[in-house]
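# Summary of structural features
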Amino acid sequence: MNVRQKPERTRLSAEDWEDAALNLIAEQGVGALAVEALARQLGVTKGSFYWHFRTREALLQAALERWEQYGEREIISQIEAIPDPRERLPELFRRVAHELHPHRVYAALLKALDHPLVVPVMARVSKRRTEFLHTAYSEAGLEAEEALNRARLTYAAYVGFLQLNFTLGLPRLSHEEFDAYVEHMIATLIPA
């Protein structure tokens, strides 16, 4: 008798669900986040989801917090560790420029600013990033008001570029053109 073995069940962590949720948000937006679709994509039952989360909103909240913490942990804390304030800003621009997945999530969240869970996260992220830029510009030698204005301009340029790029598909830049654009931003926005 030939006994077929059942495939081994995959045990997913809450983090696996959060990552899958962020991938789906990046690809299709917040509105596309659905438990059944994620379970199918992950090859598990919905029961696996309910082991970790009570509702879709709980998953969305956890995924948003994970995305927010990634920005703090992987980008800002690493840049803050650079001792020379004049080296921090160029390194920030270059590093952030090549973080594609977080940009896709950010652009998707910009489209979902009418969602009650998205608004506070986006407000916190924007505030923290603007404060970080303000501090970086101040430490690089700009006076307080000029540093704040430059921080706002820098963050607005970032958000605007994401909107153009991920919402409208503009501009269509090759890797070389994009790298040249980043270097232009550095030369334009960072004091010599």
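How each quantity is defined
Residues numbered from 1 in each chain as written. Predicted model: local features only at pLDDT ≥ 70, side-chain atom pairs only at ≥ 80, totals over all residues. Heavy atoms only, no water. Helix = DSSP H or I, 4+ residues; strand = E, 2+ residues; numbered from the N terminus. Domains from an automatic or database assignment. Contact = heavy atoms within 4.5 Å. Buried area = accessible area lost by both parts, 1.4 Å probe. Salt bridge = Lys/Arg side-chain N within 4 Å of Asp/Glu carboxyl O. UniProt positions renumbered as here; feature names shortened; annotations may be inferred.

Naming follows an unreviewed UniProt entry, where the protein chain appears as TetR/AcrR family transcriptional regulator of Dyella acidiphila.

Quick look at unusual backbone geometry now. With omega at -15°, the peptide bond leading from L170 into P171 counts as cis. Locating P171 in the fold gives a position in the loop between helix 8 (144-168) and helix 9 (175-189).

Partitioning the protein chain into domains gives domain 1 (14-67) and domain 2 (72-189). Domain 1 and domain 2 are separated by 26 Å when their C-alpha centres are compared. With 12 residues of domain 1 at the contact, the number on the domain 2 side is 15 residues. Taking both sides of the interface into account, the surface hidden between domain 1 and domain 2 amounts to around 1,200 Å²; carbon and sulfur atoms contribute 76%. Between domain 1 and domain 2 we count zero salt bridges in total. Elements supplying a minimum of two residues to the side of domain 1 that touches domain 2: helix 1 (14-28) and helix 4 (56-80).

The next subject is the UniProt feature "domain: HTH tetR-type" (unreviewed entry) in the protein chain. Here the UniProt feature "domain: HTH tetR-type" (unreviewed entry) sits at residues 11-71. Helix makes up 75% of residues 11-71 and strand 0%. Its end C-alpha atoms lie 27 Å apart.

Those residues carrying the UniProt feature "DNA-binding region" (unreviewed entry) are residues 34-53 in this numbering. As a span, residues 34-53 carries 75% helix and 0% strand, and end to end its C-alpha atoms are 13 Å apart.

Along the chain, H115 falls in the loop between helix 6 (100-110) and helix 7 (118-139). Those residues in contact with H115 that sit more than four places away from it in its chain are V30, R56 and L60.

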